[in-house]
Amino acid sequence: MSDIFTKVLTKQQEVVAATDLKGVPEGTSGKVMLSNGLDWVRYWVKFENGVEMGSLHRNKLVSAEDCVPVLSNLGHLYGKHLSEFEIAVEYYDRVLEIE
């Protein structure tokens, strides 16, 4: 598993959804509102689209500081297929906004 999924997230830390969640598209930004658990840590996140979601495992979230490589990889993957080119451009645009 990648190092970006092993770092503990803290309260108020900015994160990005690493995968599609119910009501939250992949790549949506949010803030950690609460983390709980000792061996099995779960997070409660408020996303920028207004959705608040709890019981999120760490592998569903990427810290904002680590999301540039993730978004770049997603752009590359979607860019391989001409039919998904517009999605790839959206991911690359997000990278440019962050940097």
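A few points on the structure. (Residues numbered from 1 in each chain as written. Predicted model: local features only at pLDDT ≥ 70, side-chain atom pairs only at ≥ 80, totals over all residues. Heavy atoms only, no water.)

**Focus on the overall build of the protein**
- Along its length, the protein carries 2 helices and 5 strands.
- N-terminal to C-terminal, the α/β element order of the protein is β-β-β-β-β-α-α.
- The burial tally for the protein puts 36% of its 99 residues in the buried class.
- Sequence separation of 24 or more characterises 38% of the internal contacts of the protein that already satisfy a separation of 6 or more. (Helix = DSSP H or I, 4+ residues; strand = E, 2+ residues; numbered from the N terminus. Buried < 20%, exposed > 50% of the residue type's maximum accessible area, 1.4 Å probe, protein only. Contact = heavy atoms within 4.5 Å.)

**Description of the nonpolar core**
- With 12 residues, the main nonpolar core is built from L9, V15, A17, L21, V24, V32, Y43, V45, F47, M53, L56 and L61.
- Elements with a contribution of two residues or more to this core: β1 (14-17), β3 (42-47) and β4 (52-56).
- In terms of residue count, β3 provides more of this core than any other element does, 3 residues in total.
- Filtering out sequence-adjacent residues up to four positions away, F47 remains in contact with A17, L21, V24, T28, S29, G30, M53, L56 and L61. (Core = buried A, V, L, I, M, F, W, Y, C linked by side-chain atoms within 4.5 Å.)

**Quick word on the pairing of β4**
- Where β3 lies against β4, 3 bridges are found, and the strand directions are antiparallel. Residue pairing in the sheet places K46 in a bridge with E52 of β4.
- Between the antiparallel neighbours β3 and β4 lie 4 residues, among them G50 with a positive phi of about 95°. (Pairing = 2+ DSSP bridges.)

**Digging into a nonpolar patch on the surface**
- A grouping of L82, F85 and V89 is seen on the molecular surface, where their side chains present a nonpolar patch of about 320 Å² in accessible area.
- Along the polypeptide, F85 turns up in helix α2 (residues 85-98). (Patch = residues over 30% accessible without salt bridge, like charges linked within 9 Å, V, L, I, M, F, W, Y side chains within 5 Å. Areas by Shrake-Rupley, 256 points an atom, 1.4 Å probe, with all protein chains shown as cover. Salt bridge = Lys/Arg side-chain N within 4 Å of Asp/Glu carboxyl O.)

**Here we look at the side chain of R42**
- The residue R42 is located in strand β3 in this model.
- Those residues in contact with R42, other than ones at most four positions away along the chain, are L34, S35, N36, S55, L56 and H57.

**Quick notes on the environment of G79**
- With respect to the helices and strands, the residue G79 is situated in helix α1 (residues 67-79).
- Sequence-wise, G79 and Y91 are 12 residues apart; in three dimensions their C-alpha atoms are separated by 9.8 Å.

**What to know about the environment of G30**
- With respect to the helices, strands and loops of the structure, G30 is situated in strand β2 (residues 29-36).
- For the pair G30 and E14, spaced 16 residues apart in the sequence, the C-alpha separation amounts to 5.8 Å.
- G30 has contacts with Q13, E14, V15, V45, K46, F47 and E48, leaving out every residue within four places of it along the chain.

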